[in-house]
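An overview of the molecular structure
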Amino acid sequence: MITDFNINSLVRANIKELKSYSSARDEYKDATTKEVIFLDANENPFENGVNRYPDPQQHAVKTLLSEMKNVETGNILLGNGSDEVLDLLFRAFCEPNVDNVITLPPTYGMYAVLASINAIENRTVLLSDNFQPRVDSILKAVDAQSKILFLCSPNNPTGNSFSIETIEALLLRFRGLVVIDEAYIDFSDEKSWLEKLKKYPNLVITQTLSKAYGLAGIRLGVCYASQQIIAILNTIKPPYNINELSQQSAIERLLQSDEVVQEIVKIKEERAYLVSNLKTINYVQEIYPSACNFVLIKVDNATKRYDQLITKGIVIRNRTSQPLCENCLRLTVGTRLENSRLIQVLKEI
Ligand SMILES: *Cc1c(COP(=O)(O)O)cnc(C)c1O
């Protein structure tokens, strides 16, 4: 149990003092009775389904997530994609031109982009050869200004999960926030870190409806953390960051979890199909194990193969410029038709 962790020592001074914008619907919280007449927000009164501002706290979506994930709604914050959640974390905890964050390349590119946008130094510590965090090197890179450590597990683009012992060591020894980005957790056999939320006050978990849930178009990211951390993020989030149509689509999809589960099963089967067929292609030198809906492979010449695929109408991701990913390509798992076409073209070129 961590007892010497104080979230207030990490929050930026201006955020601590902030009085957040209070929207009309924030002030009137019991909008459950049908008879209430809303003349508070300058909306158009003629009903068309979206003439009202959306619920700023997305109660219906959070209630569903809370039941599914067995966490309280007070431990949940929703963002316009997890990218917005990550940005809110920077803005709440990292003082521009003073603080730094730690990221572990090769990993998700947005951490570095958000660090630049927010004028925060990004201290990079390469993963090991088998794509695991190197705890001692990470702790050596840390100083008093290190506010956030980003762990993407399962990791994009490598596809593997970080070991439980490694993550646990970092949660215990790093004195800033440890953000575990679980965008691909639903494709993995590993358990989510969600059930450890109470044990580690510095743990922040992000998930998304963009991948396994099939809703990349609605932009809905989820942040799970202590109620204190969620309360801080709530003071700075834009009041209506999740629009009404996105909330409705999310609710509909979360209620169809059987369908989602079936799709995940299919995608995992397709991942196995892709892997077994990739083994028959002579210039594929390595197929990295994947706990995600993509597979990273090493080939003879990534840029040449990438260009050849483009001319055949297949777009993949060339990761050759990433550290430890020389001549690597990232292939998203598609439908059987798409995957067999990919294999056919890989054989032809
Ligand atoms: C795709 C992805 C996300 C998703 O971001 P959204 O903004 O929720 O669509 C987050 N993290 C990683 C590592 C990803 O690969």
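This write-up is about the structure you can find in this document. Since this is a predicted model, take the numbers as computed values, not measurements.

1. Some thoughts on the packing of helix α10 (residues 257–278) against helix α12 (residues 336–348)
Two elements in contact, α10 and α12, have axes whose closest approach is 10 Å; the angle formed by their N-to-C orientations is 10°. It follows that α10 is roughly parallel to α12 by the angle criterion. Here E270, Y273, L274, N277 and L278 of α10 come into contact with α12, specifically with R336, N339, S340, L342, I343 and L346.

2. Things to note about the pairing of strand β7 (residues 221–224)
Alternating positions in β7 separate into two faces, G221 and C223 on one and V222 and Y224 on the other, with burial throughout. Bridging between strand β6 (residues 203–208) and β7 involves four bridges; their strand directions are antiparallel. Its bridge partner being in β7, T206 is matched across the sheet by C223.

3. Digging into the sheet that holds strand β11 (residues 328–332)
Across the sheet, four strands lie side by side as β8-β9-β11-β10; this open sheet has antiparallel pairing. The strands lining the two open edges of the sheet, one partner per strand, are β8 (284–287) and β10 (317–318). Where β8 meets strand β9 (residues 294–299), three bridges bridge the pair, whose relative direction is antiparallel. Paired with V284 across the bridge in β9 is V299.

4. Remarks on the packing of aromatic side chains
Counted by the stated rule, this structure contains six aromatic pairs. Measuring from centroid to centroid gives 5.5 Å for Y108 and Y111, while their planes differ by 80°, and the two rings are edge-to-face. Here Y111 falls in the buried class, since its relative accessible area comes to 1%. With centroids separated by 5.3 Å and ring planes inclined at 55°, the aromatic side chains of F131 and Y288 adopt a geometry described as tilted. Taken together, the residues span a long stretch of sequence, with F131 in the loop between β3 (121–124) and α6 (135–141) and Y288 in the loop between β8 and β9 at a distance of 157 residues.

Rules behind the numbers
- Residues numbered from 1 in each chain as written.
- Predicted model: local features only at pLDDT ≥ 70, side-chain atom pairs only at ≥ 80, totals over all residues.
- Heavy atoms only, no water.
- Axes fitted to C-alpha atoms, helices over the stretch in contact; angles between N-to-C directions.
- Helix = DSSP H or I, 4+ residues; strand = E, 2+ residues; numbered from the N terminus.
- Parallel < 35°, antiparallel > 145°, perpendicular 65-115°, else oblique.
- Contact = heavy atoms within 4.5 Å.
- Buried < 20%, exposed > 50% of the residue type's maximum accessible area, 1.4 Å probe, protein only.
- Pairing = 2+ DSSP bridges.
- Phe/Tyr/Trp six-rings, centres within 6.5 Å; stacked < 30°, edge-to-face > 60°.

The values reported here are purely geometric and, on their own, carry no functional implication.
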